[in-house]
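Read off the chains here:
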Amino acid sequence: MADVSKRENNPEATEDFSQRIKKAKTDHEDGRGENGEESGKNVLSGFQTTTVLSDSAREKTIFVHGKLADQNAVVILEKTPINEDILSEIFKASTLELDIRNDIYSTYRLQAPPHLNEMKATLVCPATEKHVKKYQRQESFLVEETADDYQSITLPFIQKQSFSVQWVYNILEKKAESERIVFEDSDPKLGFVLLPDFKWDQKQTDNLYLIAITHQRNIKSLRDLRSEHLPLLQNILQKGKEAILQRYSLPASKMRVYLHYQPSYYHLHIHFTKLGYEAPGCGVERAHLLTDVIQNLHSDPHYYKTRTLSFPLRADDGLLGQFKKAGKL
Ligand code: DD3
């Protein structure tokens, strides 16, 4: 397994690239947050649980709704994968209690030293009703959205909602996460910022997850893509793959590069996840491979304007309500 914290100085790296990678990935290595002033302080100590929204034994996650200083908050706790690089230290420095011994088989309760036993915690505060709903376990329904449905149902819904993408603008303007940027092409038309998604702890490449966010702010989703965007999409595919190879030694043949439809935020972004990691939303009902998108736009400049697109919606999603109201379900 590649140790993502050990970066080789590749003399072949482009000038632009080598300039950008120097500072990244220094946070998280000591288990502290990126806000220096928050290091060591437990902002979650006052968290009062209201309900468990969902949990998964398989994914080792729990989504909790609660209150933090009188504000609504959502906390996500996740046990992170075990990294090969810390194995020898785990074997050496842990305490072990025998659980079961039977023939050649035995099980133990192992307590690893605290620094090898981290969990990832994500806090949304203040959380809106939408955040709370998003993590509630929900049944999904597949919707088939025609071009007309998009114009008459989906587009008005998106515009009325005005989902905040302030966090995206913060990234593009270097007001947040600037030290996490893996690669940037700052061209206003073709440019993008590539950085690790929130979901990735960057401890190991097994669950590698990066997002490319476009500098162009007027492309809401896959639906808005036309052949005029081909240079942008080609650029993201090409330079994104190169940057991930340089930084994480992961070749394109190990990567899934795709868009979500519907996306969770309406500012064009591309997902890069490691093949073999079943990232949430990488299934056929939501993911569109970037290579397919590029080909489809090559054969029909208005492919995504005119096609019927299928996607899943959760039971409590307002958009599902709109489709029902229009008699489409
Ligand atoms: C989000 C979709 C949005 C909860 C959670 C995530 N990657 C982000 C803010 C900064 C980010 C992301 C909304 C929000 Cl856990 C509610 O995602 C983000 N920064 N996906 C990065 N790097």
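Residues numbered from 1 in each chain as written. Predicted model: local features only at pLDDT ≥ 70, side-chain atom pairs only at ≥ 80, totals over all residues. Heavy atoms only, no water.

**Quick notes on the overall build of the protein**
Line of reasoning, step 1. Scanning the protein for helices and strands turns up nine helices and 14 strands.
Line of reasoning, step 2. Out of the 329 residues belonging to the protein, those deemed buried represent 40%.
Line of reasoning, step 3. Contacts spanning at least 24 positions in sequence make up 65% of the contacts within the protein whose residues lie at least 6 apart. (Helix = DSSP H or I, 4+ residues; strand = E, 2+ residues; numbered from the N terminus. Buried < 20%, exposed > 50% of the residue type's maximum accessible area, 1.4 Å probe, protein only. Contact = heavy atoms within 4.5 Å.)

**Let's talk about the packing of aromatic side chains**
Line of reasoning, step 1. If you walk through the whole model with that rule in mind, you get eight aromatic pairs.
Line of reasoning, step 2. Arranged with centres 5.6 Å apart and planes meeting at 45 degrees, the rings of phenylalanine 183 and phenylalanine 192 form a pair that is tilted.
Line of reasoning, step 3. Under the relative-accessibility criterion, phenylalanine 183 is labelled buried at 7%.
Line of reasoning, step 4. Owing to a relative accessible area of 0%, phenylalanine 192 belongs among the buried residues under this scheme.
Line of reasoning, step 5. On the basis of an interplanar angle of 65 degrees and a centroid distance of 5.2 Å, the ring pair of tryptophan 200 and tyrosine 248 is categorised as edge-to-face. (Phe/Tyr/Trp six-rings, centres within 6.5 Å; stacked < 30°, edge-to-face > 60°.)

**Details of the nonpolar core**
Line of reasoning, step 1. In this structure, Leu194, Leu210, Leu225, Leu233, Ile244, Ile270 and Phe272 are the most contacted members of the largest nonpolar core, which totals 61 residues.
Line of reasoning, step 2. For this core, the leading source of residues is helix 6 (residues 230-248), giving eight residues.
Line of reasoning, step 3. For isoleucine 270, the residues in contact, after removing those within four places along its chain, are Leu210, Ile211, Ala212, Leu233, Ile236, Val257, Tyr258, Leu259 and Leu290.
Line of reasoning, step 4. Membership of the second largest hydrophobic core comes to eight residues, among which are Leu53, Phe63, Ala127 and Val132. (Core = buried A, V, L, I, M, F, W, Y, C linked by side-chain atoms within 4.5 Å.)

**A short note on helix 6**
Line of reasoning, step 1. For helix 6, which comprises 19 residues, the first-to-last C-alpha distance of 26 Å matches the rise-based estimate of 27 Å (1.5 Å per residue) to within 8%.
Line of reasoning, step 2. Residues of helix 6 that are buried: Leu230, Leu232, Leu233, Asn235, Ile236, Leu237, Gly240, Ala243, Ile244, Arg247 and Tyr248.
Line of reasoning, step 3. Positive phi shows up at serine 249, right after helix 6, with a value of about 55 degrees. (Expected span 1.5 Å × (residues − 1).)

**A look at the site of the ligand**
Line of reasoning, step 1. Taken together, 14 residues surround the ligand, and among them Tyr135, Glu177, Pro196, Asp197 and Phe198 come closest.
Line of reasoning, step 2. In the model, a nitrogen atom of the ligand is placed 2.9 Å from a nitrogen or oxygen of the proline 196 main chain.
Line of reasoning, step 3. Here aspartate 197 contributes a side-chain N or O atom positioned 3.0 Å from a nitrogen atom of the ligand.
Line of reasoning, step 4. Burial of the ligand by the protein chains amounts to 86% of its free accessible area of 490 Å². (Near = heavy atom within 4 Å. Polar contact = N/O pair within 3.5 Å; in protein donor to acceptor, adjacent residues only side chain to side chain. Areas by Shrake-Rupley, 256 points an atom, 1.4 Å probe, with all protein chains shown as cover.)

**Some remarks on the sheet that holds strand 9 (residues 192-196)**
Either a parallel or an antiparallel arrangement is found when strands of a sheet pair, and the pairing is made through backbone hydrogen bonds.
Line of reasoning, step 1. Strand order in the open sheet made by the six strands is 8-9-10-12-11-13, with antiparallel pairing throughout. Since the sheet does not close on itself, it has two edges, and those belong to strand 8 (183-185) and strand 13 (287-289), each with one partner. Averaged over all pairs of adjacent strands, the angle between their axes in this sheet comes to 25 degrees, without regard to strand direction.
Line of reasoning, step 2. Bridge analysis of strand 11 (residues 255-260) against strand 13 gives three bridges, and the strand direction is antiparallel. Pairing of leucine 259 across the sheet is with histidine 288, part of strand 13.
Line of reasoning, step 3. The sheet contacts of helix 7 (residues 290-299) involve strand 11, strand 12 (269-274) and strand 13, and relative to strand 13 the element is tilted by about 65 degrees. (Pairing = 2+ DSSP bridges. Axes fitted to C-alpha atoms, helices over the stretch in contact; angles between N-to-C directions.)

**Concerning a nonpolar patch on the surface**
Line of reasoning, step 1. On the surface, a nonpolar cluster with roughly 370 Å² of combined accessible area is contributed by Leu96, Leu98, Tyr108 and Leu110.
Line of reasoning, step 2. Position of leucine 98 among the secondary structure elements: in strand 4 (residues 95-102). (Patch = residues over 30% accessible without salt bridge, like charges linked within 9 Å, V, L, I, M, F, W, Y side chains within 5 Å. Salt bridge = Lys/Arg side-chain N within 4 Å of Asp/Glu carboxyl O.)

**Some words on the sheet that holds strand 6 (residues 119-124)**
Line of reasoning, step 1. The strand order across the open sheet built from four strands is 1-2-3-6, with neighbouring strands paired in antiparallel fashion. Whereas interior strands pair on both sides, the edge strands pair on one side only; in this sheet they are strand 1 (48-56) and strand 6. Going across the sheet, the axis of each strand differs from the next one's by a mean of 20 degrees, ignoring polarity.
Line of reasoning, step 2. Relative to strand 3 (residues 71-79), strand 2 (residues 61-68) runs antiparallel, the two sharing eight bridges. Each residue of the ladder has a partner; that of phenylalanine 63, found in strand 3, is isoleucine 76.

**Here we look at the pattern of salt bridges**
Line of reasoning, step 1. What the rule picks out here adds up to 14 salt bridges.
Line of reasoning, step 2. Here glutamate 173 makes a salt bridge to lysine 175, at a shortest N to O gap of 2.7 Å.
Line of reasoning, step 3. Judged by relative accessible area, glutamate 173 falls into the partly exposed class, the value being 34%.

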